[in-house]
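Each chain, written out:
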Amino acid sequence: MRTEFPDFRLGSVLATSFTGTLSERHGTAVERIPTPQRLIDWLAVYGLAVDSCTTAQLELARKLRESIHAAATAAAIQNALPASAVQVINDRSIQGRAAAILTPDGNRRWQLGSPSRVEDALAVIAADAISIIAGERDGKLALCASPTCQAAFFDTSQSRTRKWCEMNTCGNRQKKARFNANQRKNPKSAE
Ligand SMILES: [Zn+2]
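Conventions we followed
Residues numbered from 1 in each chain as written. Predicted model: local features only at pLDDT ≥ 70, side-chain atom pairs only at ≥ 80, totals over all residues. Core = buried A, V, L, I, M, F, W, Y, C linked by C-beta atoms within 7 Å. Buried ≥ 20, exposed ≤ 12 C-beta atoms within 10 Å, placed from the backbone. Helix = DSSP H or I, 4+ residues; strand = E, 2+ residues; numbered from the N terminus. Contact = placed C-beta atoms within 7 Å. Expected span 1.5 Å × (residues − 1). Arc of directions from axis to C-beta. Axes fitted to C-alpha atoms, helices over the stretch in contact; angles between N-to-C directions. Parallel < 35°, antiparallel > 145°, perpendicular 65-115°, else oblique. Nonpolar A, V, L, I, M, F, W, Y, C, P; charged D, E, K, R; others polar.

Visitor: Give a description of the nonpolar core that names residues and reports values.
Guide: The tendency in soluble globular proteins is for nonpolar side chains to be buried as a group. Formed by 43 residues in total, the largest nonpolar core has its most connected members in L64, A72, A121, L122, I125 and A129. Breaking this core down by element, the ones donating at least two residues are helix 1 (14–19), helix 2 (36–45), helix 3 (55–76), helix 4 (83–94), helix 5 (118–133), strand 5 (140–143) and strand 6 (152–155). Counting residues per element, this core draws most heavily on helix 5, which supplies 10 residues. Dropping the residues within four chain positions of it, A72 is found in contact with T16, T19, A129, I132, I133, L141 and A152.

Listed below in structure tokens is the structure:
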């Protein structure tokens, strides 16, 4: 019997794509890495292939994910960073082995330890989160305007006025909700 899992939402920023593996945090939450195998699959998509994953390692990953979410959310609204979240991010960054490798065609890829462990991949994600939260990268942390989402995302648009974590999901849903509300208020104008 084949089990259907929720699709991945693939963004271009590693750390916030990772926090997006739990979506609709303020609504009906969707867990997109419900099993160790799904974490393996997700990591592989981002060039962080690991050899295996235990349920304990999946828990480590989720703990890092929620810590990045908490720290990125605080940074987006210019609150103090929660100390426990900072601690988890730093622990994960320190406890993995990963080296940046320059490929012959001038791209960067990550070489994890051998064997490649989940901890190694998490260190790359933690370092990515640190670079964003520390403001080292060109962009701005913001929170999704969808009330059921409120995900922290990294806005790299030129005007820095992006409202939603993803146009295809939260953006469209908000637009539709607004359209329906207008129709109720103003039924004639919609005809
Ligand atoms: Zn959103």
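This is not the end of the story, as more comes after the structure.
Visitor: So what's going on with helix 6 (residues 167–185)? Residues and values would help.
Guide: Compared with the 27 Å implied by 1.5 Å per residue over 19 residues, the 25 Å span of helix 6 between its first and last C-alpha is a close match. Among the 19 residues in helix 6, 1 count as buried, and that is only a small part of the element.

Visitor: Account for helix 4, naming residues and giving values.
Guide: Here helix 4 spans 16 Å end to end across 12 residues, near enough to the 16 Å set by a 1.5 Å rise per residue. Every buried residue belonging to helix 4 is among A85, V88, I89 and R92, and all of these are buried. Along the axis of helix 4, the buried residues cluster in a sector spanning 95°; they form a single face. More than 90 degrees from the buried face of helix 4, the exposed residues found are A83, Q87 and I94. Against helix 3 and helix 5 lie the buried residues of helix 4.

Visitor: Tell me what's going on with the packing of helix 3 against helix 5, and back it up with residues and numbers.
Guide: One way to put it is that helix 3 packs onto helix 5 with a least axis distance of 11 Å and a crossing angle of 0°. Here helix 3 is positioned roughly parallel relative to helix 5, judged by the angle of their axes. Two secondary-structure elements touch here, helix 3 through Q57, L60, A61, L64, I68, A71, A72 and A75 and helix 5 through V118, L122, I125, A126, A129, I132 and I133. Of the residues that constitute the contact of helix 3 with helix 5, the class distribution is 14 nonpolar, 1 polar and no charged.

Visitor: Could you give an account of the environment of S131, with specific residues and numbers?
Guide: Within the secondary structure layout, S131 lies in helix 5. The partly exposed category is assigned to S131, around which 13 C-beta atoms lie within 10 Å. Residues S131 and P6 lie 125 residues apart in sequence; the distance between their C-alpha atoms is 29 Å. The contact partners of S131, leaving out residues within four places of it in the chain, are E136 and R137.

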